[in-house]
Amino acid sequence: AQSVTQLDSQVPVFEEAPVELRCNYSSSVSVYLFWYVQYPNQGLQLLLKYLSGSTLVESINGFEAEFNKSQTSFHLRKPSVHISDTAEYFCAVTGAGNTGKLIFGQGTTLQVKP
Amino acid sequence: GAGVSQTPSNKVTEKGKYVELRCDPISGHTALYWYRQSLGQGPEFLIYFQGTGAADDSGLPNDRFFAVRPEGSVSTLKIQRTERGDSAVYLCASSSKSGGTEAFFGQGTRLTVV
């Protein structure tokens, strides 16, 4: 069975500092990997995804994540955060059977301070 | 509509009552998913529909939970004999096909059982 571990429940960081949100997964089959973001009082939105090809994937708002198969990780990074990045971030993998069913981690709250 | 719509946004019910939660997916999306998100946790998969049929209901916690999608569009999650432990945010997502593509989430229904 697949599982996802987000190692930090909360990450406080000052504005313009770099940040890394960690995600590790376990799976006996090939997976697709996702990061979703949930801004306050909003629904989950896809931030970026890894399906195949280049192991480094980027979002339109400056986040990037690198798929590392040997370490079974998919950490999310941003070189310089903004106040508006304050949100809950969820890492997810597809479940077995390629149905699109997602297995989520517990989430990491990114708190960007001025 | 432009996105996934869930109604009601909030529902308070008494223990033992029956509730129905509605999800209106993005037009044309054949895959529909229900998740449950408890406080401080990531979303947990409940059930997946491809068209009208439930292709995977392995996440339904017990036989008090049931979901339908009779015409392959709107879906209803039904909970019988509600318990306080059922209190959570129930999320619906849809995608144009299963497996690997982006799932679009609604804003959820917050269910409180008192």
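It should be emphasised that the depicted structure is a prediction, and the values quoted were computed from it without experimental measurement.

*Asks:* Is there a simple way to think about the overall build of chain A in this case?
*Replies:* Counting secondary structure elements, chain A contains zero helices and twelve strands. Secondary structure of chain A in N-to-C order comes out as β-β-β-β-β-β-β-β-β-β-β-β. Principal-axis analysis of the C-alpha atoms places the extent of chain A at approximately 45 × 30 × 25 Å. Counting across all 114 residues of chain A, residues that qualify as buried make up 47%. Contacts in chain A between residues at least 24 apart in sequence constitute 56% of all its contacts with a sequence separation of at least 6. Summing over all exposed atoms, chain A offers an accessible surface of approximately 5,500 Å²; the carbon and sulfur share of this is 49%.

*Asks:* Explanation requested: the pairing of strand S2 (residues 10-14) of chain A in the structure shown.
*Replies:* Two faces belong to every sheet, and in a regular strand the side chains alternate between them. Residues and elements named next belong to chain A. Going residue by residue along S2, you find Val11 and Val13 tucked away on one face and Gln10, Pro12 and Phe14 left uncovered on the opposite face. Pairing of S2 with strand S12 (residues 108-113) involves five bridges; the strand directions are parallel. Within the sheet, the bridge partner assigned to glutamine 10 lies in S12 and is threonine 109.

*Asks:* Please clarify how the state of the cysteines should be interpreted in this entry.
*Replies:* Throughout this description, disulfide means a covalent bond between two cysteine sulfur atoms. Enumeration according to the criterion identifies two disulfides over all chains in this entry. Residue A:Cys23 pairs covalently with A:Cys91 via a disulfide, S to S 2.0 Å. Taking the sign of the S-S torsion, about -65 degrees here, the bridge from A:Cys23 to A:Cys91 comes out left-handed. Of this pair, A:Cys23 sits in strand S4 (residues 23-26) while A:Cys91 is found in strand S10 (residues 87-94), placing the two residues 68 residues apart along the sequence. Neither A:Cys23 nor A:Cys91 differs from the other in exposure class; each is buried. Through a disulfide, B:Cys23 is tied to B:Cys92; the S-S separation comes to 1.9 Å. Judged by the torsion about the S-S bond (-70 degrees), the B:Cys23/B:Cys92 disulfide is left-handed. Of this pair, B:Cys23 sits in strand S3 (residues 19-24) while B:Cys92 sits in strand S9 (residues 88-95), placing them 69 residues apart in sequence. A single burial state applies to B:Cys23 and to B:Cys92, both of which are buried.

*Asks:* Would you mind going over the interface of chain B and chain A with me for this structure?
*Replies:* Interfaces are frequently sized by the accessible area removed from exposure as the parts join. Taken residue by residue, the interface counts 21 residues in chain B and 20 residues in chain A. Summed over both sides, the interface between chain B and chain A buries roughly 1,600 Å², with carbon and sulfur atoms accounting for 54% of that surface. In this structure, the connection of chain B to chain A is made through one salt bridge. When the shortest N-O distance is used, the salt bridge between B:Asp56 and A:Lys101 registers 3.5 Å. Applying the counting rule to chain B against chain A returns five residue pairs in polar contact (both at pLDDT 80 or more). Broken down by secondary-structure element, the contributors of at least two residues to the side of chain B that touches chain A are strand S4 (31-37) and strand S5 (44-50) of chain B. For the side of chain B that touches chain A, the element with the most residues is S4(B), which contributes three residues. Of the residues assigned to the side of chain B that touches chain A, the class counts are eight nonpolar, eleven polar and two charged.

Definitions and limits used
Residues numbered from 1 in each chain as written. Chains lettered and ligands numbered in written order. Predicted model: local features only at pLDDT ≥ 70, side-chain atom pairs only at ≥ 80, totals over all residues. Heavy atoms only, no water. Helix = DSSP H or I, 4+ residues; strand = E, 2+ residues; numbered from the N terminus. Buried < 20%, exposed > 50% of the residue type's maximum accessible area, 1.4 Å probe, protein only. Contact = heavy atoms within 4.5 Å. Areas by Shrake-Rupley, 256 points an atom, 1.4 Å probe, with all protein chains shown as cover. Pairing = 2+ DSSP bridges. Disulfide = S-S within 2.5 Å. Buried area = accessible area lost by both parts, 1.4 Å probe. Salt bridge = Lys/Arg side-chain N within 4 Å of Asp/Glu carboxyl O. Polar contact = N/O pair within 3.5 Å; in protein donor to acceptor, adjacent residues only side chain to side chain. Nonpolar A, V, L, I, M, F, W, Y, C, P; charged D, E, K, R; others polar.

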